[in-house]
Amino acid sequence: MLNKLVKSRITIIAGHYGSGKTNISVNLALDMVRSGKKVSVVDFDIVNPYFRSADNITELNALGVRVIAPEFANTNVDMNTLPKEYYTIFSTDDYCIVDVGGDADGATALSIDYDKYIKSGYTMFYVFNCYRPMTASPEDAYKILLNIEKTSHLAFSGIINNSNIGKETTEKLVLESIPLAEELSKICGLPVLATTALRTIDIGNAVKIENKTKQLF
Amino acid sequence: MAQKYLMKGNEAIAEAAIRAGCKLFFGYPITPQTELSEYMAKNMPKREGLSLQAESEVAAINMVLGASAAGARVMTSTSGPGISLKSEGISYIVGSDLPCVIVNVQRGGPGLGGIQPAQSDYNQATKALGHGDMHLIVLAPASVQEMATLTGEAFDLADIYRTPVMLLADGALGQMMEPVDFEEKPHRALPKKDWACTGHGGSRKHNIVNSLYIEPEVLEKTVVDRFKKYEQIEQNEVKYEEYLTEDAEIIIVAYGITSRIAKTAVRNAREKGIKAGLFRPITLYPFPEKQLDALADKENIKTFLSVEMNMGQMVKDVKLAISCKKDVYHFGRTGGVIPTPDEILTNIEKYVGGAK
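Quantities reported herein were computed from a predicted structural model and do not represent experimental measurements.

1. Considering unusual backbone geometry
Alright, step 1. The omega torsion across T31 of chain B and P32 of chain B is 5°, close enough to zero to call that bond cis.
Alright, step 2. By the element assignment, P32 of chain B lies in the loop between β2 (24-27) and α2 (34-43).
Alright, step 3. Cis geometry is found at the peptide bond from G109 of chain B to P110 of chain B, where omega equals 0°.
Alright, step 4. Of note in the backbone geometry, D103 of chain A takes a positive phi value of approximately 60° without being a glycine.
Alright, step 5. Positionally, D103 of chain A belongs in helix α3 (residues 103-111).
Alright, step 6. Overall, D103 of chain A belongs to the buried group, its relative accessible area being 8%.
Alright, step 7. Its identity as a non-glycine residue notwithstanding, H153 of chain A has a phi of 60°, on the positive side.
Alright, step 8. Summarising the element assignment, H153 of chain A is placed in the loop between α5 (138-152) and β6 (158-161).
Alright, step 9. The exposure class assigned to H153 of chain A is partly exposed, which follows from its relative accessible area of 45%.

2. Structural notes on the interface of chain B and chain A
Alright, step 1. Every contact between the two is made by 30 residues of chain B and, on the other side, 22 residues of chain A.
Alright, step 2. Here chain B meets chain A over a buried area of about 2,200 Å², counting both sides, of which 61% is carbon and sulfur.
Alright, step 3. Per-residue buried area on chain B facing chain A is highest for Y5, L6 and I115 of chain B; these three make up 24% of the total on that side.
Alright, step 4. Viewed at the interface, chain A and chain B are joined by three salt bridges.
Alright, step 5. A salt bridge links K42 of chain B to D103 of chain A; the nearest nitrogen and oxygen atoms lie 3.6 Å apart.
Alright, step 6. Between chain B and chain A we count seven residue pairs in polar contact (both at pLDDT 80 or more) in total.
Alright, step 7. Of all the secondary structure elements, the ones that give two or more residues to the side of chain B that touches chain A are β1 (5-8), α2, α7 (171-175), β8 (177-180) and α9 (256-271) of chain B.
Alright, step 8. At five residues, the largest contribution of residues to the side of chain B that touches chain A is made by α2 of chain B.

3. A short note on the state of the cysteines
Alright, step 1. Applying the stated rule across the entire model yields zero disulfides over all chains.
Alright, step 2. Unpaired in this structure, C22 of chain B has its nearest cysteine sulfur neighbour in C100 of chain B, at a distance of 10 Å.

4. Some words on the sheet that holds strand β7 (residues 192-198) of chain A
Residues and elements named next belong to chain A.
Alright, step 1. Taken together, eight strands build an open sheet; the order of strands is β3-β2-β4-β1-β5-β6-β7-β8 and the sheet is parallel. This sheet does not close on itself; its edge strands, each paired only once, are β3 (66-68) and β8 (207-209). Going across the sheet, the axis of each strand differs from the next one's by a mean of 25°, ignoring polarity.
Alright, step 2. Judged from the six bridges that link them, strand β2 (residues 39-44) and strand β4 (residues 95-100) form a sheet pairing that is parallel. Of the residues in β4, the one forming a bridge with V39 is Y95.

The rules behind each value
- Every residue gets a number counted from 1 within its own chain, in the order that chain's sequence is written.
- Labels are handed out in written order, letters beginning with A for the chains and numbers beginning with 1 for the ligands.
- Owing to the predicted nature of the model, reporting of local features is limited to residues with pLDDT of at least 70; listing and counting of side-chain atom pairs is limited to 80 or more, with chain, interface and lining totals taken over all residues.
- Water and hydrogen atoms were dropped before computing side-chain values, which therefore reflect all heavy atoms in the structure.
- Helix and strand assignments follow DSSP, with helices taken as H or I runs no shorter than four residues and strands as E runs no shorter than two, numbered in order from the N terminus.
- Relative accessibility under 20% of the residue-type maximum defines a buried residue, over 50% an exposed one, and the middle range a partly exposed one, all with a 1.4 Å probe and only protein chains included.
- Contact between two residues is taken to exist if any of their heavy atoms lie within 4.5 Å; hydrogens are not considered.
- Throughout, the accessible surface (probe 1.4 Å) given up by two parts as they are put together, summed over both, is called the buried area.
- Definition used for salt bridges: Asp or Glu carboxyl oxygen within 4 Å of a side-chain nitrogen of Lys or Arg.
- What qualifies as a polar contact is a pair of N or O atoms within 3.5 Å, subject to a donor-acceptor requirement within protein and to the restriction that residues adjacent in sequence count only when both atoms come from side chains.
- Disulfide assignment relies on a single distance test, namely cysteine sulfur atoms paired within 2.5 Å.
- Strand pairing requires that DSSP identify at least two bridges connecting the strands.
- Working convention: axes come from line fits to C-alpha atoms, limited for helices to the stretch in contact. Angles between N-to-C directions cover 0 to 180 degrees.

Below is the structure:
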């Protein structure tokens, strides 16, 4: 279960574009709410208006998860402004999952309130997918990791290896990604906290997740 | 199997272009195509190329004209509003017989419209990309993999026929992520660019790239010669896919992302005992007229249903292709709304066996 990774009230999920941050965030929220926790999810993607945690708002709300999303998310207006409600994540007792936009561009949104995150306490995870071309090598993935830290003024606590190629992901592909994630871990000095795989893939020690990406057909 | 990557359609076009030897990219950002320009900006400098954000779409297309005249493999990309701005330059490129690749990741229109996927630039792409007697080859990918494969093909077609080639995608294909491999496709024999302005050091007669012809007879001849080239393209370069058309009673005609949704609807119709099939044009120009006409001649096929994300554009080409031998209907959503498999199935049920 992903929720075993949660070590503080605020969990920040960051990483490269398309690494699977939203899918991890939504899965984490579902795991936590099912284990009886009060959970809020912040859709904090101010960069790209497509494929975001707000896509799952109906399912999340039905389970009692509060979703804080940009005011115009999924309205066809390409304007990413957050509601004032966002600031309640620093005062509530709820567990909060912050789903950040890709790369350092997305991390800019964190930098505005980095002092509040530090004061409240947070854990930030780096989502790694070695099948994305810009993070195919551990060295390139490390550069993006460093840029996110520099921009956000916050530090990562660990790596979630979410390497996949979507529906065609096989057991073999997941297994082949593990040495690369470990290589990244060696370079940056952060532990690989989990390797994820869809429930349909049979890998004993992988953390099972569901595909929560919006499907068009 | 080659290494597969998980990519957005926009990124796949950019990567495929670099692999096809595209050395110059001139663009101007617009949603939902921006990842393409961004990928070029990040990767071209590392791979002996140049990516430049021009001051406007008009500037970008004229930079493409210049680079192509100098013999480079060059590309630009935008969405509908940008294509409208580029259309003067596109016509000049056609009139100068220059190869290049132009990408349109369609969004809802007209005007600024919206940023969600649409197919309402079909008429613009196939009939109105610029003034004058002209065509562009228009390729319509339906998956992220095809975005990559057809990008390589687009560069080859452009060089073989000395014509701009358009990749007509949409916001859904541009934004969605699928696995893609960049395995080399068989190389096509490419003609020498002995017409390019590359500098000759006095060793040959100088080349001129131009689209201005003052004498009407001379201009007429260049246009007529160009149309002979279009005849060759129409004969040799038609691409399409058929799915369960053999015994079908109703044929859905759909391209791009809509064909993916229509395929699900065809399968669902078959489960209900309706003999539905799918015809997917991959080249929108040249349009697969003969292939559709051959289907219309089959006795078992009674009805055609054109499914598009617009108010009914390709449907007219379907009617023309089959000379109205069979009933042709249209179902579409527009403005950025994507039809669902259920909506398409409802329309299959409505029109199968003729309108009720």
